[in-house]
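Structural description and commentary
Here's the letter readout for the chains.
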Amino acid sequence: MSRRNGIEPSRLHAGDVLRTATVGLRTRRMRAALSALGITIGIASLVAVLGLSDSSRSDLLSQLDRLGTNLLVVQAGTGIGLGDAELPATAPGMVERIGPVEEVSAVGSVDANVYRSDLVPSTRSGGISVSAVDAGLLDTLQGTVAEGRFLDDASAAYPMVVLGSVAADRLGIHSLETDQMVWLGDRWFTVVGILDPLELAGALDRSAIVGVPAAEEYLGYDGVASSLYVRTHPDWVDGVMGVLPATVNPENPDQVEVSRPTDALEARAAAENAFTALFLGLGVVALVVGGVGIANVMVISVLERRSEIGLRRALGATRRHVALQFLLEALLLALTGGIGGVLVGSGVTAVYSQLRGWDVLIPTVAWTGGLAAALVIGAVAGLYPAMRAARLSPTEALHTT
């Protein structure tokens with residue numbers, strides 16, 4: 001119709017557009033819910049993956065900030081053609097002379113086993129090693145004590161032992177409210193402390209730790225360190241790593257291995273990024289599947305509602321009105337699924353982060369991008385059904401009902 005015939009063109013107010021677009025959703029609620037479920041799963045996957053990735057990365061960065069990336073570990077390696085090597089007795093003193101080095105602590109391996117009782121057969125070690133350490137080791141590692149105290153210069157000379165977290169668990173010692181003793185190297189040692197897990201020195205978690213003087217007097221320790229933990233100035237880490245082998249063993253620097261424990265944490269972060277990309281891809285696949293589901297439902301809806309389309313066209317609705325009705329219906333389906341996905345994904349992120357002790361971080365791009373992706377999927381999925389509905393003529397639609 002045109003104004004030349006004195007008839008105003010058909011118009012549809014915004015409220016009417018929204019009302020007609022929700023007819024299918026209100027009358028076929030189960031179908032609408034199942035259609036939106038695919039979008040919900042896809043968006044929830046994207047939000048949860050991004051949220052957990054950011055929460056995990058934040059925890060890792062806080063770990064690195066707390067522990068510092070300036071801790072180096074020096075160990076005896078295997079020289080070319082020289083067999084097994086050991087660190088020279090002069091190594092700790094030589095390393096201390098390096099200008100940027102702030103702290104050095106030596107750890108030696110002691111040939112002894114530790115037991116809860118002197119009646120336990122000597123063949124059952126329980127996987128617990130014995131280490132002789134300097135009194136300053138805990139400060140170098142920035143570790144903490146869960147129970148009791150660490151060795152000091154005085155107690156390091158007596159039969160006293162500190163247990164790593166795993167060693168204490170294997171020995172069944174969880175509290176020091178009462179005096180605790182362990183059978184170590186054919187004599188009783190008093191347990192004076194239990195350590196929290198050492199994130200940068202996992203081997204010590206499975207160790208019974210004694211002072212160097214006590215190890216030499218009671219356990220036959222030869223005083224040769226197997227490892228050095230070196231804390232350097234943060235700006236000189238690479239430089240110190242370069243000179244450590246020659247400083248520790250000038251004659252055979254190839255027999256010295258230098259590593260940085262935090263490299264393992266950074267490698268873990270890189271691995272997590274790879275998994276994040278993988279799970280994001282799976283989330284996108286779920287979104288596409290959800291979009292296909294919406295398109296399928298909308299096509300079926302057009303076929304089932306031919307009489308409604310024909311009647312509306314006969315009463316003056318234009319093709320644009322019909323197309324807008326079905327396109328908006330698809331968008332509402334997708335938006336409903338997107339909102340549900342954001343809520344589910346945020347909930348999963350919050351619960352899992354709380355269980356792991358992480359800060360809950362849900363990046364803005366996760367929920368805004370999720371809703372935007374849902375709307376795009378809904379628009380693409382609803383475009384063909386909307387065009388198909390708009391092409392139906394009133395006579396054809398009413399004739400086939």
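The structure we're discussing is the one just above.
Residues numbered from 1 in each chain as written. Predicted model: local features only at pLDDT ≥ 70, side-chain atom pairs only at ≥ 80, totals over all residues. Heavy atoms only, no water.

Moving on, we get to the overall build of the chain. Counting its secondary structure elements, the chain contains 14 helices and 13 strands. Residues classed as buried in the chain amount to 42% of the 401 residues present. A fraction of 81% describes how many contacts in the chain between residues 6 or more apart in sequence connect residues 24 or more apart. As displayed, the chain has an accessible area near 20300 Å², and 58% of this comes from carbon and sulfur atoms. (Helix = DSSP H or I, 4+ residues; strand = E, 2+ residues; numbered from the N terminus. Buried < 20%, exposed > 50% of the residue type's maximum accessible area, 1.4 Å probe, protein only. Contact = heavy atoms within 4.5 Å. Areas by Shrake-Rupley, 256 points an atom, 1.4 Å probe, with all protein chains shown as cover.)

Time to look at the environment of Met-160. Of note, Met-160 is situated in strand E8 (residues 160-163). Here Met-160 falls in the partly exposed class, since its relative accessible area comes to 23%. Through-space distance from the C-alpha of Met-160 to that of Trp-188 is 8.8 Å; in sequence the pair is 28 residues apart. When near neighbours in sequence (up to four residues on either side) are disregarded, Met-160 contacts Arg-149, Leu-151, Ser-155, Phe-189, Thr-190, Val-192, Ile-209 and Val-210.

With respect to burial, strand E12 (residues 227-232) is a largely interior element, six of its six residues being buried. Residues Ser-227, Tyr-229 and Arg-231 of E12 are buried on one face, and the alternating residues Leu-228, Val-230 and Thr-232, pointing to the opposite face, are buried as well. Where strand E1 (residues 71-76) meets E12, five bridges bridge the pair, whose relative direction is antiparallel. Of the residues in E12, the one forming a bridge with Val-73 is Tyr-229. Both strand E4 (residues 101-110) and E12 contribute to a ladder of six bridges, which runs antiparallel. Across the sheet, the residue bridging to Ala-106 is Leu-228, located in E12. (Pairing = 2+ DSSP bridges.)

Mapping Thr-349 onto the fold places it in helix H12 (residues 319-356). Between the C-alpha atoms of Thr-349 and Val-360, which are eleven residues apart in sequence, the distance is 7.0 Å. Those residues in contact with Thr-349, other than ones at most four positions away along the chain, are Val-47, Ala-48, Gly-51, Leu-52, Ser-55, Leu-361 and Ile-362.

Given two aromatic rings, their pairing is described by the distance between the two centres and the angle made by the two planes. Within this structure, the stated rule accounts for two aromatic pairs. Look at Trp-183 and Trp-188: their rings are 5.2 Å apart centre to centre, the planes differ by 75 degrees, and that puts the pair in the edge-to-face class. By relative accessible area, Trp-188 is classed as partly exposed at 34%. Each ring, one from Phe-189 and one from Tyr-218, has its centre 6.3 Å from the other, and the planes form 85 degrees; the classification is edge-to-face. In this pair, Phe-189 sits in strand E10 (residues 188-195) while Tyr-218 sits in helix H8 (residues 212-218), placing the two residues 29 residues apart along the sequence. Judged by its relative accessible area of 23%, Tyr-218 falls in the partly exposed class. (Phe/Tyr/Trp six-rings, centres within 6.5 Å; stacked < 30°, edge-to-face > 60°.)

All right, on to helix H9 (residues 237-248) then. For H9, which comprises twelve residues, the first-to-last C-alpha distance of 16 Å matches the rise-based estimate of 16 Å (1.5 Å per residue) to within 8%. Those residues of H9 hidden inside the fold are in contact with E1, helix H4 (91-96), E4, E12 and strand E13 (256-259). (Expected span 1.5 Å × (residues − 1).)

Before going further, it helps to spend a moment on a nonpolar patch on the surface. On the surface, Met-30, Leu-34, Leu-37 and Ile-41 cluster together into a nonpolar patch covering about 420 Å² of accessible area. Looking at where Leu-34 falls in the secondary structure, it is placed in helix H3 (residues 29-67). Under the relative-accessibility criterion, Leu-34 is labelled exposed at 56%. (Patch = residues over 30% accessible without salt bridge, like charges linked within 9 Å, V, L, I, M, F, W, Y side chains within 5 Å. Salt bridge = Lys/Arg side-chain N within 4 Å of Asp/Glu carboxyl O.)

Along the polypeptide, Ser-155 turns up in the loop between strand E7 (145-148) and E8. Residue classification places Ser-155 among the buried residues on the basis of a relative accessible area of 5%. Those residues in contact with Ser-155, other than ones at most four positions away along the chain, are Arg-149 and Met-160.

So, on to the pairing of E8. In the sheet, E8 pairs with E10 via four bridges, with the strands oriented parallel. Of the residues in E10, the one forming a bridge with Leu-163 is Ile-194.

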